[in-house]
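# Summary of structural features
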Amino acid sequence: MDSLKKRRSAARINFTKTANLLKEELKKDASDKSILRVKLIRLQEYLNNLKDYDYKIIALLADSAADEDALSAEMEGCDKYRDEFHVLTGIMDEKLEKNTGRTGSISADDSVSSVSVKEKRYKLPKIEIKSFDGELINWLSFWAQFRKIHEDESLEECDKFHYLLQSMLPGTRARELMESYPLTSDNYQKAVSALKDRFGKKELLTEIYVRELLKLIMSNVQSHGKDRLSLSKLFDKIESHLRSLESMGIDQEKNAAWLYPMVESCLSTDILRAWQRSPQF
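Residue numbers run consecutively from 1 along every chain, following the written order of its sequence. Only residues with pLDDT of at least 70 are given local features in this predicted model, and only at 80 or more are side-chain atom pairs given and counted; all residues enter the totals for whole chains, interfaces and linings. Calculation of side-chain values draws on the structure's entire complement of heavy atoms; hydrogens and water are dropped beforehand.

## Some words on the overall build of the protein chain
Elements are defined by DSSP. Helices are runs of H or I of four residues or more, strands are runs of E of two residues or more, and each kind is numbered from the N terminus. In terms of regular secondary structure, the protein chain is built from 12 helices and 0 strands. Mapped from its N terminus to its C terminus, the protein chain presents α and β elements in the order α-α-α-α-α-α-α-α-α-α-α-α. For the exposure calls, accessible area comes from a 1.4 Å probe over protein chains only, and a residue counts as buried if that area is under 20% of its type's maximum, exposed if over 50%, partly exposed in between. Every one of the 281 residues in the protein chain was classed for burial, and the buried ones make up 35%. Contacts between residues were defined by any pair of non-hydrogen atoms, one from each residue, lying within 4.5 Å. Residue pairs in contact within the protein chain that sit at least 24 positions apart in sequence constitute 64% of those at least 6 positions apart. To be clear on the numbers: accessible area is Shrake-Rupley with a 1.4 Å probe, and residue cover counts the displayed protein chains and nothing else. About 18000 Å² of surface is accessible on the protein chain, with carbon and sulfur atoms providing 51% of the total.

This is the structure:
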């Protein structure tokens, strides 16, 4: 928590400096719009960083033995910077309205839209980071989600490493691999490279998905009666595997010579005949 508070303290200093510069510019009779624009955007960035730090610190306090007074004091300190941002935004809107004769918030012509400088009034549901169990077939879905964290430039690599470790299922090969690296910023990229080499190789993933497709087809061929998948379920499962293969570069049209016969082999004779008679065949 001490580390988070130090970072937040630095962010608050930057916020205050930028806010003071914005106030000085707003006091002028003829304010420079470009300076106002840049300072307001920068102020929004600092506020977003502050909100992130505030959320983490309050969450840690709530999990600790902190009493309600401590939590209340912490929240009041957080609100101070948000209130100042909204006050400055309002002053800036009024000044531009007087100078230009326009009403409303800063327009797109001023390069800052009201959407970009105002906080969202709705709350999106939290996205839970999917845990990776070390199974190759689950790598694509895991990395598609974690990539957002990996490419987030506002996060420090040490924090990214913590998120990565937390998203590895305990007791798995993936977790053991991550725990073999000390949790430092310098080791984050090394750990990601090792993870991709172990679980994200295109050749291995292609083999896995082809094998799963074959397993599905053989299982359906050998099944009879109620155990056999319905056509709609079979279609959904096959399509899912084909999409995964497509993400690996296995294009359906280019590889139709072996993909189509493989899929056809799991269809019943009646369905296959009906399909062959259809105009889409």
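## Section: the side chain of Thr89
Among the structural elements, Thr89 can be located in helix H3 (residues 68-100). Of the polar contacts made by the side chain of Thr89, one reaches the backbone oxygen of Phe85; its length is 2.8 Å. Any pair of N or O atoms that falls within 3.5 Å is considered a polar contact. Within protein, one atom must be able to donate a hydrogen and the other to accept it, and sequence-neighbouring residues count only if both atoms are side-chain atoms.

## Side note on the environment of Val38
Among the structural elements, Val38 can be located in helix H2 (residues 33-63). A C-alpha to C-alpha distance of 9.9 Å links Val38 and Thr18, two positions 20 residues apart in sequence.

## Here's the deal with the packing of aromatic side chains
Ring pairs are drawn from Phe, Tyr and Trp, using the six-membered ring of Trp, whenever the two centres fall within 6.5 Å, and their geometry is named by plane angle: stacked under 30 degrees, edge-to-face over 60, tilted for the rest. As enumerated under the stated definition, the model contains 9 aromatic pairs in all. Summarising the aromatic geometry, the rings of Phe132 and Phe199 are spaced 5.2 Å apart at their centres and angled 85 degrees between planes, so their arrangement reads as edge-to-face. A residue pair is termed long-range when its members are at least 10 positions apart, and Phe132 in the loop between helix H4 (114-117) and helix H5 (139-150) and Phe199 in helix H8 (residues 185-199) qualify at 67 residues. Taking 5.7 Å as the distance between ring centres and 20 degrees as the angle between the ring planes, the aromatic pair formed by Phe142 and Phe146 counts as stacked. On the criterion of helical spacing, the pair formed by Phe142 and Phe146 is a turn pair, its members being 4 residues apart in helix H5. Phe146 shares its class with Phe142; the two are buried. The rings of Phe132, Trp139, Phe142, Trp143, Phe146 and Phe199 are connected pair by pair, giving a single aromatic cluster.

## A short note on the pattern of salt bridges
A carboxyl oxygen of Asp or Glu within 4 Å of a side-chain nitrogen of Lys or Arg is what we treat as a salt bridge. All told, the structure shown has 7 salt bridges when counted by the stated rule. Arg7 serves as the salt-bridge partner of Glu156, at 4.0 Å between the closest nitrogen and oxygen. One end of the pair, Glu156, is in the loop between H5 and helix H6 (157-166); the other, Arg7, is in helix H1 (residues 2-27), and 149 residues separate them in sequence. Take Glu156: its relative accessible area is 38%, and that puts it in the partly exposed class. With a closest N to O distance of 3.0 Å, Glu179 and Arg175 form a salt bridge. Separated by 4 residues within a single helix, Glu179 and Arg175 lie in helix H7 (residues 173-179), roughly one turn from each other. Exposure remark for Arg175: the relative accessible area of 18% places this residue in the buried category. In this structure, a network of salt bridges that share partners links the residues Arg7, Glu156 and Asp159.

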